[in-house]
Amino acid sequence: MGKKIFSGVQPTGNLHLGNYIGAIKNFVDLQNQKGNECVYCVVDLHAITTKQDPKILKNNIRETTAAFLASGIDPKKSIIFNQSLVAAHSEGSWILGCIARMGWLNRMTQFKEKAGKDKEKASVGLYIYPVLMTADILLYDSTHVPVGEDQKQHLELARDIAQKFNLDFDSPDFLRAPEPLIQKNFSRIMSLKDGTNKMSKSDPSDLSRINLTDNKDQIVNKIKKAKTDNDPLPDDNKNLSKRPEVENLLGIYSSLSDQSLKNSINEFSGKNFSQFKEKLTEIVVEKISPISIEINKLLKDIDYIDTVLKEGGKRADLIASKKVLEMKKLIGF
Ligand code: AMP
Ligand code: TRP
C-alpha cells in the first residue's frame, strides 16, 4: 500500500543545500513512488514563532513554494499549500495543546537551542511549535513524515500526543501515529565554514551555505572557500569523524552523485583537495543551478505561484477540516 506523506518547510528565507539533501530531494522521490499521497506545506504559522517582517515573509512564502516546484514537486501529483490558508491547523493545534503535557514539551531540544539563554523572552508560540507540527501531521492521517535528523524528537512527540488523544477519548486508531522517514546517510549537512555546525538559514555568514538561489559563480566561490584541512584526502573512513569538514564535503558529493560514502572515498583517495573540489563544484552546479534558474523564473510569475498555493489550500482544507470536525465530536463539542 502507498504511504501518506506530510512534510513542511518554514518560509524563513535562504533555502540551502542542507534543506535540499536532508528534505526536499526526498519529497520528490516519495512523490514519484507509485501509490503515495503527498502533502507538502510551507509552514508560515511556524515561521512567525520568531519575528518576521510582513513583506519579507510574503516573499519567502513564494520563494519556498518556488523552490518546491523547481526541485520537482508537481502540484498535479502532490498537494502544495501554505499552512495559514487552512484554519484547521490552528484549531487542531489548540486541541492537541490541551493533550500534550508540559513535561513533554520541556524536553524538546530544538526549543532550548532556538530560545537560547533567555528563555523568558522566547515567544509562547516557539514553545508550543511542536504541537502545531503535530496537528499538521495528524490532520492528514499521515503515515510517514520525511524530515532531517533534527526533527526526530518532534515526531516522537507527535506519536505520544496521538496515543494520548486516542486513549483519553476512547477512540483507538483515530489519530494515526506517524513514522519519521529520515535518510540514513547524509541526513545532516554541515556548514562549509565549520563542520561541527549544521548548515543553517540563520548562519550570519553566507559563505557557510549554498543557497538554492545561488548562481554558478557563487557556488564556485563558496566551494573554493570551504574549509578543509592540511592532510590528504583519506583512504578509508576510519578517522573521518575527526575531520568533520572533509566528511561533510565527501557526504555532499556522495549524496548528489547518488553513491555511497565508501565509493566517494575510493574515488578521491590519494588526490588533493583542489582536484576533489573541482569535481564537487561540478556536481553541485549540475544539480543546483537548474533549480536556481527555475526558482528565479517562477518568481517572475507570482500569480502562478499564488494559484498553486490557493488550489492546494482548497484540497488540504477538505481533508484537514473534516478531521478537526471529527475531533470536536469526540471531545464533546
Ligand atoms: P527548516 O529549514 O528548519 O524549516 O528545515 C526544513 C527541512 O530541512 C527539515 O526537514 C530539516 O530537518 C531539514 N534540514 C534543515 N537543515 C538541514 C541540514 N543542515 N542538513 C540536513 N537537513 C536539514
Ligand atoms: N518543524 C519543521 C522544521 O523546522 C517544519 C515542519 C512544520 C514540519 N510542520 C511539519 C515538518 C510537519 C514535517 C511535518 O523543519
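Analysis parameters
Here the residue numbers are simple positions, counted from 1 along each chain's written sequence. Following the order in which they are written, the chains are lettered starting with A and the ligands numbered starting with 1. The predicted origin of the model limits local features to residues at a pLDDT of at least 70 and limits the giving and counting of side-chain atom pairs to 80 or more, whereas totals for whole chains, interfaces and linings rest on all residues. Excluding hydrogens and water, the side-chain values take into account all heavy atoms of the structure. Definition of nearness: a residue and a molecule or strand are near each other if at least one heavy atom of the residue lies within 4 Å of the molecule or strand. Identification of polar contacts relies on pairs of N or O atoms within 3.5 Å, with a donor-acceptor requirement for protein atoms, meaning one able to donate a hydrogen and the other able to accept it, and with residues adjacent in sequence counted only if both atoms are side-chain atoms. Accessible surface is estimated by sampling points in the Shrake-Rupley manner with a 1.4 Å probe; for residues, cover comes only from the protein chains shown. In this count, Pro and Cys sit with the nonpolar residues alongside Ala, Val, Leu, Ile, Met, Phe, Trp and Tyr, while Asp, Glu, Lys and Arg are called charged and the others, Gly among them, polar. For this analysis, a nonpolar core means a set of buried residues of the types Ala, Val, Leu, Ile, Met, Phe, Trp, Tyr and Cys, connected via side-chain atoms within 4.5 Å. Per-residue accessibility, obtained with a 1.4 Å probe over protein chains only, is compared with the maximum for each type, and a residue is labelled buried under 20%, exposed over 50%, and partly exposed between these values. Where helices and strands are cited, they refer to DSSP runs of H or I of at least four residues and of E of at least two residues respectively, numbered from the N terminus. In this document the domain limits rely on a domain assignment from an automatic tool or a database. Note on contacts: a residue pair qualifies if any of its non-hydrogen atoms lie within 4.5 Å across the two residues. Reported buried area values correspond to the accessible surface (1.4 Å probe) lost by two parts on association, with both partners' losses combined. In what follows, salt bridge is the name for a side-chain nitrogen of Lys or Arg lying within 4 Å of a carboxyl oxygen of Asp or Glu.

Taken together, 16 residues lie around ligand 1, and Gly148, Asp150, Ile189, Met199 and Lys201 are the ones closest in. Met199 places a polar main-chain atom, nitrogen or oxygen, 2.9 Å from a nitrogen atom of ligand 1. Burial of ligand 1 by the protein amounts to 92% of the accessible area it has alone, namely 480 Å².

Our focus in this paragraph is the site of ligand 2. Around ligand 2, a shell composed of 13 residues is seen, among which His46, Tyr129, Met133, Asp136 and Gln151 lie nearest. Between ligand 2 and Gln10 there is a distance of 3.4 Å, counted from an oxygen atom to a side-chain nitrogen or oxygen. Gln151 places a polar side-chain atom, nitrogen or oxygen, 3.1 Å from a nitrogen atom of ligand 2. Look at ligand 2: alone it shows 360 Å² of surface, and the protein chains cover 90% of it. When the residues that make up the shell around ligand 2 are grouped by side-chain class, the tally is seven nonpolar, five polar and one charged.

Grouped together as the largest cluster of nonpolar side chains are 56 residues, with contacts concentrated most on Phe68, Ile252, Phe276, Leu280 and Val284. Sort the elements by how many residues they give to this core and helix α12 (residues 273-298) lands first, with ten residues. Shared between two domains, this core takes at least three residues from each, and those domains are domain 1 (4-188 + 302-331) and domain 2 (206-297). Dropping the residues within four chain positions of it, Phe68 is found in contact with Val9, Ile24, Phe27, Tyr40, Cys41, Val42, Ile73 and Ile80. Counting residues in each nonpolar core, the second largest holds 40 residues, with Trp104, Met108, Val145 and Met327 among its members.

Turning to the domain arrangement of the protein, a few remarks are in order. The domain boundaries assigned to the protein delineate domain 1 (4-188 + 302-331) and domain 2 (206-297). On a C-alpha basis, the centres of domain 1 and domain 2 stand 30 Å from each other. Contact between domain 1 and domain 2 buries roughly 1400 Å² in total, counting both sides, with carbon and sulfur atoms accounting for 73%. It is Leu17, Ala70 and Phe186 that lose the most area in domain 1 upon contact with domain 2, and together they represent 39% of the buried surface on that side. For the pair domain 1 and domain 2, the number of links is one salt bridge. The partner of Lys25 in a salt bridge is Asp258, with the nearest N and O atoms 3.4 Å apart. Where domain 1 meets domain 2, there are four residue pairs in polar contact (both at pLDDT 80 or more). Breaking the side of domain 1 that touches domain 2 down by element, the ones donating at least two residues are α1 (17-31) and α3 (54-71). A breakdown of the residues in the side of domain 1 that touches domain 2 according to their chemical character gives nine nonpolar, three polar and three charged.

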